[in-house]
Amino acid sequence: MRLWKPGFGPIGVDLGSRSLKLVQLSADGTTLVEAVRWSRPEETADRSEEDWIQETVAGLRQALSKGRFHGRKAVFCVSAADLITQNIRVADSGRESLSAWVAEECESRLGLSQEQAEVRYLDVGPVRQGEAVRREVIVLATRRNVTERLVRIAEAAGLDLCGIEAEPIALLRCRLRRFRREEDRYDPKMFVNMGYRLTQMMIVRDRQPAFLKNVPVTGKELDAAVCQNLQLRPEVGHGLRRNYGDRRASHRDPEVMRSVQHAIRPLLERLASEIAMAVRYFSVTFRGEPPTTVILGGSEADDLVRDFLGQQLHAAVELSDPLRPFEVRCRVTQPLQWETALGLALFGCPNPPRSERRTNMPARPEAVEA
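Here's a quick rundown of the structure. These numbers come from a predicted model, not from an experiment.

## Details of the overall build of the protein chain
Broken down by element type, the protein chain carries 10 helices and 15 strands. Going through the 370 residues of the protein chain one by one, you find that 52% of them count as buried. Within the protein chain, residue pairs in contact and separated by at least 24 positions form 67% of the contacts whose partners lie at least 6 positions apart. If you sum the accessible surface of the protein chain, you get close to 17600 Å²; carbon and sulfur atoms cover 47% of it.

What follows is the structure in structure tokens.
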């Protein structure tokens, strides 16, 4: 059954911490027909959750009125910051038994009962642990009030919600659009998504996630380091870091550049260390060739971070190119900020990943496909 107007896909809505991004594609997912960004006001210490919801609804209404969107079907995501993610190992058994094992592990390890949380999992596959064979599983869980809040926002903004996805799945869908050759299928890839509140690493093999981890090196921390080192206000520090990260080397003031690099170096060294450990974990656990390239994306990624990680890791590091697979018929600036929204807008396009129907009743954990 068709869920939205023929000719156009749903509106992918990314409720970012610094801005809202809305994207719509053609129904076959080949053409970007509209993209609108709305900047959020600066955070304040006394802003409540209710204030955030009202601000988000107002922003969505403005963005919708500004853009030429077709229909009001929309797909939202549970942000990585609102997700509980963990690689766990359970008994290698059938699908039904696997769901039961995941439910038990979530309750014992994470303290999440089926009544409290929405739980999905990605079945990575069998791994050897000593003499035993276990099954590696990536758990994606969020508390029910998070999804209820998204439903409330969509209704208040006049959007017809037809899907809610986990942000890592939306990001992966967008990025895999670029890698369609047969050799890409078997070549492991390391994706690093640098956000303002959270950075997430994902290793993919055979087009499926094999490893997922959150890293506490964020755009917010980088800004704070620059502000402390140069004694700047937060908004000035953010602008300085991003301007110098995106500028060509010939347009950078050498003294300011050295100050920015000195400020953020300890954090980027920490990020490089986390990437190296993840690659080692993957190589040992799955006994295969490690990823040879790190693909860097997210709103806080730039040339400065790419160059530094390349030097630290002694590996190829490249910036993601999310617009490359699409015919673009609207103006889009700073493409790296649009990856999540593009992945959400691809929901329902040809060969989509399966999306689980959500209900308000407690449900056993279910497998999802990326």
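## A closer look at the nonpolar core
Ranked by internal contacts, the top residues of the largest apolar core, which has 76 residues, are L60, F76 and L159. Considering each element in turn, this core owes the most residues, 13 residues, to helix α8 (residues 254-286). Apart from residues lying up to four places away in sequence, F76 is in contact with V13, L15, L60, L150, I153, A154, L159, L161, G163, I164, E165 and L344. Core analysis: the next-biggest nonpolar cluster, separate from the first, contains 15 residues, A35, F326, C330 and C349 among them.

## Some remarks on the pattern of salt bridges
Enumeration over the complete set of coordinates arrives at 18 salt bridges. Of the charged contacts in the structure, one is a salt bridge between R89 and E136, with a shortest N-O distance of 2.7 Å. Taken together, the residues span a long stretch of sequence, with R89 in strand β5 (residues 84-91) and E136 in strand β7 (residues 132-143) at a distance of 47 residues.

## Here's the deal with the sheet that holds strand β9 (residues 189-194)
Pairing within the open sheet is mixed, and its 5 strands lie in the order β11-β10-β9-β12-β13. Sheet topology places β11 (208-215) and β13 (316-319) at the edges, where each strand pairs with a single neighbour. For this sheet, the mean inter-axis angle between neighbouring strands, taken without regard to orientation, is 20°. Across the sheet, helix α4 (residues 167-176) touches β9, β10 (199-205), β11 and β12 (293-297), and the angle it forms with β9 is around 120°.

## Looking at unusual backbone geometry
A positive phi is found at D206, a non-glycine position, where the angle reads about 50°. Examined against the element boundaries, D206 turns out to sit in the loop between β10 and β11. Residues other than glycine seldom take positive phi values, yet H314 does so here, at roughly 55°.

## What about the sheet that holds strand β4 (residues 73-78)?
Whether parallel or antiparallel, the strands of a sheet pair through hydrogen bonds between backbone atoms. Pairing is mixed in the open sheet, where 6 strands are placed in the order β8-β4-β1-β2-β3-β14. This sheet does not close on itself; its edge strands, each paired only once, are β8 (160-166) and β14 (327-328). Here strand β2 (residues 19-26) pairs with strand β3 (residues 31-39) via 7 bridges, running antiparallel. The partner of V23 across the bridge, within β3, is A35.

## Looking at the pairing of β12
Counting buried positions along β12 yields 4 of 5 residues, so the element is predominantly enclosed. Direction of pairing for β9 relative to β12: parallel, over a ladder of 4 bridges. Paired with N193 across the bridge in β12 is G297. As judged from the 4 bridges shared by β12 and β13, these two strands associate in the parallel manner. Paired with I295 across the strands is E318, a residue of β13. The β-α-β motif built from β12, the intervening helix α9 (residues 303-313) and the parallel element β13 has right-handed crossover chirality.

## Considering helix α3 (residues 144-156)
Across its 13 residues, α3 extends 19 Å between first and last C-alpha, which sits within 8% of the 18 Å expected from 1.5 Å per residue. Listed in full, the buried residues belonging to α3 are R144, V146, T147, R149, L150, I153 and A154. Where α3 is buried, its residues touch β1 (8-15), α1 (49-66), β4, β6 (117-129), β7 and β8. One or two positions beyond α3, positive phi appears at G158, with a value near 80°.

## A look at the packing of aromatic side chains
Considering all chains together, one arrives at 2 aromatic pairs under this definition. Considering the side-chain rings of F211 and Y281, the 5.3 Å spacing of their centres and the 50° angle between planes classify their relative orientation as tilted. You can see F211 sitting in strand β11 and its partner Y281 sitting in helix α8, a full 70 residues away along the chain. Note on F211: relative accessible area 9%, which makes it buried. Ring centres of F282 and F286 lie 5.3 Å apart, and the angle between their planes is 45°; on these two criteria the pair is classed as tilted. With a gap of 4 residues between them, F282 and F286 both fall in helix α8, about one helical turn apart. F286 matches F282 in its accessibility class, with the two residues each being buried. Above the face of the Y196 ring, R18 is positioned so that its terminal group lies 4.6 Å from the ring centre.

## Remarks on the packing of α1 against α3
Between α1 and α3, the shortest axis-to-axis distance is 9 Å and the interhelical angle comes to 40°. Taken together, the axis directions place α1 and α3 in an arrangement best described as oblique. Here α1 runs over α3; the crossing is right-handed. Only R149, R152, I153 and A156 of α3 make contact with α1, whose side of the interface consists of E49, E50, W52, I53, Q54, T56, V57, L60 and R61. Grouping the constituent residues of the contact of α1 with α3 by class yields 6 nonpolar, 2 polar and 5 charged.

Conventions we followed
- Residues numbered from 1 in each chain as written.
- Predicted model: local features only at pLDDT ≥ 70, side-chain atom pairs only at ≥ 80, totals over all residues.
- Heavy atoms only, no water.
- Helix = DSSP H or I, 4+ residues; strand = E, 2+ residues; numbered from the N terminus.
- Buried < 20%, exposed > 50% of the residue type's maximum accessible area, 1.4 Å probe, protein only.
- Contact = heavy atoms within 4.5 Å.
- Areas by Shrake-Rupley, 256 points an atom, 1.4 Å probe, with all protein chains shown as cover.
- Core = buried A, V, L, I, M, F, W, Y, C linked by side-chain atoms within 4.5 Å.
- Salt bridge = Lys/Arg side-chain N within 4 Å of Asp/Glu carboxyl O.
- Pairing = 2+ DSSP bridges.
- Axes fitted to C-alpha atoms, helices over the stretch in contact; angles between N-to-C directions.
- Right-handed = clockwise from strand over helix to strand, strands pointing away.
- Expected span 1.5 Å × (residues − 1).
- Phe/Tyr/Trp six-rings, centres within 6.5 Å; stacked < 30°, edge-to-face > 60°.
- Lys NZ or Arg CZ within 6 Å of the ring centre and 35° of its normal.
- Parallel < 35°, antiparallel > 145°, perpendicular 65-115°, else oblique.
- Left-handed = near helix turned anticlockwise from the far one by under 90°.
- Nonpolar A, V, L, I, M, F, W, Y, C, P; charged D, E, K, R; others polar.

Coordinates in, geometry out; function isn't part of it.
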